[in-house]
Amino acid sequence: MTTKTSPTTTTTTTTTATTTTTSASTVFLTWNFDTAFGYQAPVNGMPNSFELDTQSGTGCNRSGWYETSTLDSLQHAGINGPLYVGAGRNDISKAISMGSWTATASPEGNVKAIYQLNSPQYSLAEV
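Residues numbered from 1 in each chain as written. Predicted model: local features only at pLDDT ≥ 70, side-chain atom pairs only at ≥ 80, totals over all residues. Heavy atoms only, no water.

Now for the nonpolar core. Counting residues in each nonpolar core, the largest one holds nine residues, listed as Leu74, Ile79, Leu83, Val85, Met98, Trp101, Ala103, Ala105 and Tyr122. For this core, the secondary structure elements donating two or more residues are β6 (79-85) and β7 (96-105). Considering every element that reaches this core, the biggest residue donor is β7, with four residues. Among all residues touching Trp101, those that are not within four sequence positions of it are Gly38, Tyr39, Gln40, Glu67, Ile79, Asn80, Gly81, Pro82, Leu83, Ile114 and Tyr115. Ranked by size, the runner-up nonpolar core spans seven residues in total, among them Tyr39, Leu52, Trp65 and Ala87. (Core = buried A, V, L, I, M, F, W, Y, C linked by side-chain atoms within 4.5 Å. Buried < 20%, exposed > 50% of the residue type's maximum accessible area, 1.4 Å probe, protein only. Helix = DSSP H or I, 4+ residues; strand = E, 2+ residues; numbered from the N terminus. Contact = heavy atoms within 4.5 Å.)

This part covers the confidence of the model for the chain. Averaged over every residue, the pLDDT of the chain is 78; the share at 70 or more is 73%. Element-level mean pLDDT values for the chain span from 42 in strand β1 (residues 2-15) up to 95 in helix α1 (residues 71-76). In this model, residues 19-29 is a region of pLDDT below 50 whose contacts with residues beyond four sequence positions or in other chains number 32 contacts. (pLDDT = per-residue confidence, 0-100.)

What follows is about unusual backbone geometry. For residues other than glycine, phi is negative in most cases, and the peptide bonds are mostly trans. Not every positive phi belongs to a glycine, and Asn44 is a case in point at roughly 50 degrees. Here Asn44 shows up in the loop between β3 (37-38) and β4 (49-51). Among the residues examined, Asn44 registers a relative accessible area of 77% and is labelled exposed.

So, on to the pairing of strand β8 (residues 111-117). For a regular strand, side chains alternate in direction, first toward one face of the sheet and then toward the other. Bridge count between β7 and β8: seven bridges; the pairing is antiparallel. Paired with Gly99 across the two strands is Leu117, which belongs to β8. Hairpin geometry of β7 and β8 is characterised by an intervening segment of five residues between the two adjacent antiparallel strands and by a positive phi of about 95 degrees at Gly109. (Pairing = 2+ DSSP bridges.)

This part takes up the packing of aromatic side chains. Counted according to the given criterion, the structure contains five aromatic pairs. Pairing Phe50 with Tyr66 gives two aromatic rings, centres 5.7 Å apart and planes at 35 degrees, and the pair type is tilted. Separated by 16 residues along the polypeptide, Phe50 in strand β4 and Tyr66 in strand β5 (residues 65-67) bring together distant segments of the chain. For Phe50, a relative accessible area of 28% puts it in the partly exposed group. Note on Tyr66: relative accessible area 25%, which makes it partly exposed. (Phe/Tyr/Trp six-rings, centres within 6.5 Å; stacked < 30°, edge-to-face > 60°.)

And the structure:
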């Protein structure tokens, strides 16, 4: 689960016959999102991210994407893209970009994924 806390500042101005007082208060709003998914935009019309709900198997009957790559690609350039939440039915126009992700592989074939969040207001509860 991903949580975003966003500060909102409210300013109130009160004027009397002789003085003007302005005060500001900050209210924190919290949104809880479900799962964030990595995504890669298509290149030359060819998709790089594939929709989970096109696959059979446990856990695939939902919105989201999966990535495929060769070991060679992961070892040399790696793959990366934005990290999205809220893309219901895989609609990117509804998504909120909360950061980015990168996947690489060592010469031994060990895969490493790195998640970088856009703001300290976001948190990853589970990876």
